[in-house]
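Fold and geometry: a report
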Amino acid sequence: MKKLFAAFALLALFALPSFAADEPAKNVLSGTIASIDGNAVEVTVEGEKPAWVKKGSGVKFEGGVGKLVDVAATTVKFNSKKASTLKVGDKIELQKGASVPAGC
């Protein structure tokens, strides 16, 4: 019984760090800003989209927050009052954020 417990403990020590290392990547959507039109920012997605990326989801990025208004196969579009602080061609990372009130 002690050997079985030791085997599970050893497995847990090696398995948990690998899961913890993968977790942040699943919460981040990386991409390049393709266009900005008023408060609307279109991002070309790099890699896979996390499961939380859906129309209406709140997002946060360095310097602001927003709300996803369109999700396509290779692009996402979000509205943000801080859109004017962003530049076309820059890399951006979007994280899951709180829901933003309508009209933002």
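Going by the structure above, here's the rest.
In this report, the structure presented in the accompanying data block is examined.

In this section: the overall build of the chain. A tally of helices and strands in the chain yields 1 helix and 6 strands. Looking at the chain as a whole, 26% of its 104 residues qualify as buried. For the chain, contacts bridging at least 24 residues in sequence account for 54% of all contacts bridging at least 6. Of the roughly 7,100 Å² that the chain leaves accessible, carbon and sulfur atoms contribute 60%.

Along the polypeptide, Ser57 turns up in the loop between strand E2 (40–46) and strand E3 (58–61). Residue Ser57 is classed as buried on the basis of its relative accessible area, which comes to 16%. There is a polar contact of 3.0 Å between the side chain of Ser57 and the backbone oxygen of Lys54.

Here we come to the packing of aromatic side chains. By the definition in use, this model includes 1 aromatic pair. Their ring planes at 50 degrees and their centres at 5.4 Å tell us that Phe61 and Phe78 sit as a pair that is tilted. Of this pair, Phe61 sits in strand E3 while Phe78 is found in strand E5 (residues 75–79), placing the two residues 17 residues apart along the sequence. Side by side, Phe61 and Phe78 carry an identical accessibility label, which is buried.

Moving on, we come to the pattern of salt bridges. Counted by the stated rule, this structure contains 1 salt bridge. A salt bridge links Glu46 to Lys91; the shortest N-O distance between them is 2.6 Å. With Glu46 in strand E2 and Lys91 in strand E6 (residues 91–97), this residue pair connects regions lying 45 residues apart in the sequence. With a relative accessible area of 37%, Glu46 lands in the partly exposed category. Taking relative accessible area as the criterion, Lys91 reaches 60% and is therefore assigned exposed.

Cut-offs used in this document
Residues numbered from 1 in each chain as written. Predicted model: local features only at pLDDT ≥ 70, side-chain atom pairs only at ≥ 80, totals over all residues. Heavy atoms only, no water. Helix = DSSP H or I, 4+ residues; strand = E, 2+ residues; numbered from the N terminus. Buried < 20%, exposed > 50% of the residue type's maximum accessible area, 1.4 Å probe, protein only. Contact = heavy atoms within 4.5 Å. Areas by Shrake-Rupley, 256 points an atom, 1.4 Å probe, with all protein chains shown as cover. Polar contact = N/O pair within 3.5 Å; in protein donor to acceptor, adjacent residues only side chain to side chain. Phe/Tyr/Trp six-rings, centres within 6.5 Å; stacked < 30°, edge-to-face > 60°. Salt bridge = Lys/Arg side-chain N within 4 Å of Asp/Glu carboxyl O.

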